[in-house]
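# An overview of the molecular structure
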Amino acid sequence: KSLFYTAFYTGMRLGELVNMKWSWIDLNENQITLKCSDSFTTKSKKERIIPINQNLKNRLLAIAPKIININYDEYVFIRVKGTKLNEDFVSKKFKTYTRLAQLNEKIHFHTLRHSFASLLVQRGVSLYVVKELLGHEELSTTQIYSHLQHQNLRDAVNLL
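Quick look at the structure, then.

The rules behind these values
- Residues numbered from 1 in each chain as written.
- Predicted model: local features only at pLDDT ≥ 70, side-chain atom pairs only at ≥ 80, totals over all residues.
- Heavy atoms only, no water.
- Helix = DSSP H or I, 4+ residues; strand = E, 2+ residues; numbered from the N terminus.
- Rg over C-alpha atoms; globule rule 2.2 N^0.38 Å.
- Buried < 20%, exposed > 50% of the residue type's maximum accessible area, 1.4 Å probe, protein only.
- Contact = heavy atoms within 4.5 Å.
- Areas by Shrake-Rupley, 256 points an atom, 1.4 Å probe, with all protein chains shown as cover.
- Lys, Arg positive; Asp, Glu negative; His and termini not counted.
- Charge placed at Lys NZ, Arg CZ, Asp CG, Glu CD.
- Arc of directions from axis to C-beta.
- Pairing = 2+ DSSP bridges.
- Phe/Tyr/Trp six-rings, centres within 6.5 Å; stacked < 30°, edge-to-face > 60°.
- Lys NZ or Arg CZ within 6 Å of the ring centre and 35° of its normal.

## Details of the overall build of the chain
Helix and strand counts for the chain stand at eight helices and five strands. In the chain, the succession of α and β elements from N to C terminus is α-α-β-β-β-α-β-β-α-α-α-α-α. Taking 15 Å as the expected radius of gyration for a compact globule of 160 residues, we find that the chain reaches 17 Å, a close match to that expectation. In the chain, which comprises 160 residues, the proportion classed as buried is 38%. Considering only contacts within the chain whose residues lie at least 6 apart along the sequence, 56% involve residues at least 24 apart. Accessible area of the chain: about 10,100 Å², with a carbon and sulfur share of 53%. Separation between the mean location of the 23 positive side-chain charges and that of the 14 negative ones in the chain comes to 7 Å.

## Description of helix 6 (residues 127-134)
Of all the positions in helix 6, only Val130, Lys131, Leu133 and Leu134 are classed as buried. The buried side chains of helix 6 occupy one side of the element, clustering within an arc of 165° when seen end-on. Facing away from the buried side of helix 6 by over 90 degrees, the exposed positions are Tyr128 and Glu132. Buried residues belonging to helix 6 abut strand 3 (48-51), helix 5 (111-122) and helix 7 (139-145). In the stretch just after helix 6, Gly135 is the one whose phi turns positive, near 80°.

## Quick look at the environment of Ser39
Within the element layout of this structure, Ser39 appears in the loop between strand 2 (31-34) and strand 3. Sequence spacing of Ser39 and Glu87 is 48 residues, and the spatial spacing of their C-alpha atoms is 15 Å.

## Here we look at the sheet that holds strand 3
Strand order in the open sheet formed by three strands is 1-2-3, and the pairing between neighbours is antiparallel. On the outer flanks of this sheet lie strand 1 (25-26) and strand 3, each paired with one strand and no other. The sheet contact formed by strand 1 and strand 2 spans two bridges and is antiparallel. Each residue of the ladder has a partner; that of Asp26, found in strand 2, is Gln31.

## Regarding the packing of aromatic side chains
Inspection of the entire model under this criterion finds seven aromatic pairs. Ring centres 5.1 Å apart and planes at 75° place the aromatic pair Phe4 and Phe94 in the edge-to-face group. Of the two residues, Phe4 is situated in helix 1 (residues 2-10) and Phe94 in helix 4 (residues 87-100); the sequence distance between them amounts to 90 residues. Of the two residues, Phe4 and Phe94, neither departs from the other in class, the shared state being buried. One aromatic cluster is present, built from ring pairs that chain together Phe4, Phe94, Tyr97 and Phe109. One cation-aromatic arrangement involves Lys21 over Tyr75; the distance from NZ or CZ to the ring centre is 5.0 Å.

## Some points on the side chain of Thr142
With respect to the helices and strands, the residue Thr142 is situated in helix 7. Setting aside chain neighbours within four positions, we find Thr142 in contact with Leu127, Val130, Lys131, Leu134 and His136.

## With respect to the pairing of strand 2
Linking strand 1 back to strand 2 in an antiparallel pair, the connection comprises four residues, with Asn30 at a positive phi of about 55°. Pairing geometry for strand 2 and strand 3, over four bridges, is antiparallel. Note on strand 3: the bridge partner recorded for Leu34 is Arg48.

As structure tokens, this is what we get:
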């Protein structure tokens, strides 16, 4: 559940989430730094910083290992200590939960990334900012994620 929550509030890709380690999280600065290593590289092959809000910070604090026992090289989301989650396993679990909630069959894990971007755009965040948060190279890629609702179009025209 915390992994799904983190996906929604960060827009991170599934591969980034399952590879995320505690060393990537700075709760003092309220940010996650996606780091490339020998065992993982981001899609763009560049590190990026994603700020976290108070809701996500609280969620991460709730699942954080006790400060005395914390291993910063440990994966954040695990079932077995020291072993990262399998992307296919996470994706199938998400689909199971969407079906249990009787949500639309078209909803899949990547929908969380789309929702993150769409909600930011609908709340007036610049596409350039969303592009950076998602780690896209091209603005045209970000535009695919930025679904506008009909009310957003109405509100825009009403500004005239």
